[in-house]
Structures are given as structure tokens and as C-alpha cells.
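# A closer look at the structure
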Amino acid sequence: MLKTADTAMYRAKGMGKNQFCVYTEDMGVQEVRKMELEKDLQRALEQKQFIVVYQPKWNVKTNRLYGFEALIRWQHPRLGLHANQDRSKVSCFIIDSKPFSHDNV
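Everything in this summary refers to the structure shown in the same document. The structure displayed is predicted, hence computed values, not measured ones.

Counting through the fold element by element, Glu25 comes out in helix H2 (residues 25–47). You can call Glu25 exposed: its relative accessible area is 62%. Glu25 sits 21 residues away from Thr4 along the chain, and the two C-alpha atoms are 9.1 Å apart.

Right, dumping it as C-alpha cells:
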């Protein structure tokens, strides 16, 4: 019971001051999923499960390439290539975006 109360308390704190939250089973499932993801993420760092993907940036007005984004994708051993489909903000990060010049090619 303390675990469920603790989960609801942290959810209420996340909503701002003077808030309350009643525990639901869905909150418990989300909390377990978050902990599993954090554990898997730590393992992914140790086992180098990340790959870099370059994504072109195209200017539709000039119809020209103007840069690239370097993205990190997580090659999860069980879930496959994880590309931020669940909006977890964990698996896909924009690293850098630099202007592209045709003179540099």
C-alpha cells in the first residue's frame, strides 16, 4: 500500500502545488514500464546499442539540401530499432544540426 501511495504522491507533485492524485492500476503499469526502460537504457549504454542515423534537411522553397541532423537510434535487443514511437523522449535525440554548403562537398 505504501508503494501505491508513493506513486500517487509523486504523480500529484508532478502536477504542481496543492494537487492530489488517486492511484490507479494504469499508474502502476506506467511506473513499472518507466523503471524497465531506465534499466534497459543503462544496459544499452554499457553494451553500445545505439547507432547514429543522418537525416537530410531539405528546403522546399529552394528545392535544395541545406543540412543534416544526426540522430541516435536505440537498437533494443528485444524491441528492435527504437525510434521514439512512444514519445518517451529517451530513445531519439537530435545531436546536432549544421548548415550544409555545396562548396563543402
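Let's pick the thread back up.
Relative to strand S2 (residues 64–76), strand S1 (residues 50–59) is paired through 10 bridges, and the arrangement is antiparallel. Considered in S2, the bridge of Pro56 is made with Phe68. Linking S1 to S2, which pair antiparallel, is a turn of four residues; within it Asn63 sits at a positive phi near 55°. Where S2 meets strand S3 (residues 80–82), three bridges bridge the pair, whose relative direction is antiparallel. Paired with Gln75 across the bridge in S3 is Leu81. With antiparallel pairing between neighbouring strands as the criterion, S2 and S3 make up a hairpin whose turn holds three residues.

Before going further, it helps to examine H2. Under the 1.5 Å per step criterion, the end-to-end length of H2 is 33 Å for 23 residues, consistent within 8% with the ideal 33 Å. Among all positions in H2, only Met27, Gly28, Leu37, Asp40 and Ala44 are buried. The inward-facing, buried residues of H2 abut helix H1 (2–14), S1 and S2. One or two positions beyond H2, positive phi appears at Lys48, with a value near 55°.

Now for the packing of H1 against H2. The interhelical angle for the contact between H1 and H2, taken along N-to-C directions, is 85°, at an axis separation of 10 Å. Taken as axis vectors, H1 and H2 run roughly perpendicular relative to one another. For the pair H1 and H2, the contacting residues are Thr7, Ala8 and Arg11 in the first and Met27, Gln30 and Glu31 in the second. Residues of the contact of H1 with H2, tallied by class, amount to two nonpolar, two polar and two charged.

Reading the values: rules and limits
- The residue numbering used here restarts from 1 in each chain and proceeds along that chain's sequence as written.
- Confidence filtering applies because this is a predicted model: local features only for residues at pLDDT of at least 70, side-chain atom pairs given and counted only at 80 or more, and all residues used for totals across whole chains, interfaces and linings.
- Only hydrogens and water are removed before side-chain values are computed, so all heavy atoms of the structure are retained for them.
- Numbering of helices and strands runs from the N terminus; a helix is a DSSP stretch of H or I covering at least four residues, while a strand is a stretch of E covering at least two.
- Only protein chains enter the area calculation, which uses a 1.4 Å probe; residues under 20% of their type maximum are buried, those over 50% are exposed, and those in between are partly exposed.
- Pairing between strands is defined by DSSP: at least two bridges between them are needed.
- The length a helix should cover is 1.5 Å for every residue beyond the first.
- Contact criterion: two residues are considered in contact whenever any of their non-hydrogen atoms come within 4.5 Å of each other.
- Axis lines are fitted through C-alpha atoms, for helices just across the contact stretch, and the angle between N-to-C directions can take any value from 0 to 180 degrees.
- In what follows, roughly perpendicular refers to angles from 65 to 115 degrees, roughly parallel to angles under 35, roughly antiparallel to angles over 145, and oblique to any angle outside these ranges.
- In this count, Pro and Cys sit with the nonpolar residues alongside Ala, Val, Leu, Ile, Met, Phe, Trp and Tyr, while Asp, Glu, Lys and Arg are called charged and the others, Gly among them, polar.

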